[in-house]
Amino acid sequence: MHVTVGTTEGPVAVPSAEHRWTALFFITEPGIGEVIPELGGCTTGLCSARDAAAAFARAGVRVLGVSAHAPGHLAEFAETRALGYPLVGDDTLALGRALGVPEVRADDRTLFARAGVVLDRAGEVRALIHPIAAPEDHAALVLEAVARLEAETATPFENDEAGRG
C-alpha cells in the first residue's frame, strides 16, 4: 500500500520513503473520554509517542497519529499538545480499514479502536498492535514491535558483528 494522506501538516506519503518503518497510532477521538470514559486515553496515547520521539528517531520510524476525523478538526489538538508529528484525518475510515484496524461504535459513529500499525517501506503491514489496554503504553508497545521486526530482519552478518567485541 502506498497512499498520500491529508494531515495536520499537509499531504504525507504512507509509508515514508525516508524511514525504515512508518508507525501509525490509531486513536478513537481526542477528548472522547469526557463523553465515553471507556474510550478515553487518546491524548495520553498520542503524547506517549511524542515523549518517545528520540527512541522512534533512533529506530528509523516515521510517526503518524490517525483519527476518524478531517485533518482540520485535529489541527488545534495537535498544536496545543505540541505532538511533533502530524495527525492523519481519516474521516472516510479508508486508511484504517485498508490496514485492518479494529473499529468501535460510539454515539452512532464508527471510530477506530486504539491500535498501532507498523509498515515497512514497501507498505506492508508488519505489525498490528491491538488491543492496547493502557494508553500510556501505546508508544512502548509499538517500539517493542519495531524492535522485534528489526531482530527478524537483521542479516546473519549484522547479528555476527553485534556479538563481536
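Because the structure is a prediction, the values reported are computed rather than measured. (Residues numbered from 1 in each chain as written. Predicted model: local features only at pLDDT ≥ 70, side-chain atom pairs only at ≥ 80, totals over all residues. Heavy atoms only, no water.)

*Asks:* Give a detailed account of the overall build of the chain, specifying residues and quantitative values.
*Replies:* Each helix and strand in the chain was counted, giving six helices and nine strands. Out of the 165 residues belonging to the chain, those deemed buried represent 45%. Summed over its atoms, the accessible surface of the chain is roughly 8,100 Å², and 51% of this surface lies on carbon and sulfur atoms. (Helix = DSSP H or I, 4+ residues; strand = E, 2+ residues; numbered from the N terminus. Buried < 20%, exposed > 50% of the residue type's maximum accessible area, 1.4 Å probe, protein only. Areas by Shrake-Rupley, 256 points an atom, 1.4 Å probe, with all protein chains shown as cover.)

*Asks:* Could you give an account of the packing of aromatic side chains, with specific residues and numbers?
*Replies:* This model, assessed by the stated rule, comprises two aromatic pairs. Each ring, one from Phe-25 and one from Phe-56, has its centre 5.8 Å from the other, and the planes form 85 degrees; the classification is edge-to-face. Here the residue Phe-25 occupies a position in strand β3 (residues 21-26), and Phe-56 occupies one in helix α2 (residues 53-58), the gap between them amounting to 31 residues. Judged by centre distance (5.0 Å) and plane angle (75 degrees), the ring pair of Phe-26 and Phe-112 falls under edge-to-face. Residue Phe-26 is located in strand β3, and its partner Phe-112 is located in strand β7 (residues 109-112); the two are separated by 86 residues in the primary sequence. Here Phe-26 falls in the buried class, since its relative accessible area comes to 0%. Given the relative accessible area of 0%, Phe-112 is considered buried. (Phe/Tyr/Trp six-rings, centres within 6.5 Å; stacked < 30°, edge-to-face > 60°.)

*Asks:* Tell me what's going on with the pairing of β7, and back it up with residues and numbers.
*Replies:* Inspection of the sheet shows strand β6 (residues 103-106) paired to β7 by four bridges, in the antiparallel sense. By the bridge assignment for β7, Ala-106 is matched with Arg-109. (Pairing = 2+ DSSP bridges.)

*Asks:* Please give an account of the nonpolar core that cites residues and values.
*Replies:* Core analysis: the largest hydrophobic core is formed by 26 residues, its most contacted members being Phe-25, Leu-46, Phe-56, Leu-83, Leu-87 and Val-118. With five residues, the top contributor of residues to this core is helix α5 (residues 138-153). Residues contacting Phe-25, with those up to four places away along its chain left out, are Gly-45, Leu-46, Ala-49, Phe-56, Val-63, Leu-64, Gly-65, Val-66, Ala-115, His-138, Ala-139 and Val-142. Membership of the second largest hydrophobic core comes to 19 residues, among which are Phe-26, Ala-68, Leu-93 and Ala-106. (Core = buried A, V, L, I, M, F, W, Y, C linked by side-chain atoms within 4.5 Å. Contact = heavy atoms within 4.5 Å.)

*Asks:* Talk me through the environment of Ala-78; I want residue IDs and the actual numbers.
*Replies:* Relative to the elements of secondary structure, Ala-78 occurs in helix α3 (residues 71-81). In this structure the C-alpha to C-alpha distance between Ala-78 and Leu-46, which are 32 residues apart in sequence, comes to 9.3 Å. Setting aside chain neighbours within four positions, we find Ala-78 in contact with Thr-8, Leu-83 and Leu-87.

Read these as spatial facts, not as claims about activity.
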